[in-house]
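# Residue-level structure breakdown
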Amino acid sequence: MDPIVIVLAAGRGERFRASGGHTDKLNSLLAGRRVRDHVLDAVRASGLPWHVVERADTAHLAWPGM
C-alpha cells in the first residue's frame, strides 16, 4: 500500500492572522505565489496520490487548532 499525501487546508488561519498575517497561511504569498500553489506543486511532483481537505464554506467550523 502506497502512502497518500493529505494537504490540510481546513483551518481558519486564526493563529497566522494573530501573528500579523492578512489571510490564512495557504493563501499568503511566498515568492510571488500562494503558499497553496507551492505545496500543491510539491505534492504533484511526488507522484503519490493526494487529497486536499478544505472547508465546504466559511460557515463550517474546523476543529480547534485546524
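Just so we're clear, the structure is a prediction, and the values are computed from it rather than from any experiment.

## Here's the deal with the overall build of the protein
From N to C terminus, the protein includes two helices and four strands. Among the 66 residues that make up the protein, the fraction classed as buried is 20%. By sequence separation, contacts in the protein at least 24 residues apart represent 57% of the contacts at least 6 residues apart.

## Some words on the pattern of salt bridges
Tallied over the full model, the rule gives four salt bridges. Across the pair R33 and D41 runs a salt bridge whose closest N-O atoms are separated by 2.5 Å. A residue is classified by how much of its surface remains accessible, and D41, at 36% relative accessible area, is partly exposed. D37 is the partner of R34 in a salt bridge, and the nearest nitrogen-oxygen pair spans 3.1 Å.

## Some points on the environment of S46
Within the secondary structure, S46 sits in helix 2 (residues 35-46). Here the alpha-carbon distance between S46 and V5, two residues 41 residues apart in the chain, equals 9.0 Å. Here L48 takes part through its backbone nitrogen, which lies 3.1 Å from a polar atom of the side chain of S46.

Basis of the calculations
Residues numbered from 1 in each chain as written. Predicted model: local features only at pLDDT ≥ 70, side-chain atom pairs only at ≥ 80, totals over all residues. Heavy atoms only, no water. Helix = DSSP H or I, 4+ residues; strand = E, 2+ residues; numbered from the N terminus. Buried < 20%, exposed > 50% of the residue type's maximum accessible area, 1.4 Å probe, protein only. Contact = heavy atoms within 4.5 Å. Salt bridge = Lys/Arg side-chain N within 4 Å of Asp/Glu carboxyl O. Polar contact = N/O pair within 3.5 Å; in protein donor to acceptor, adjacent residues only side chain to side chain.

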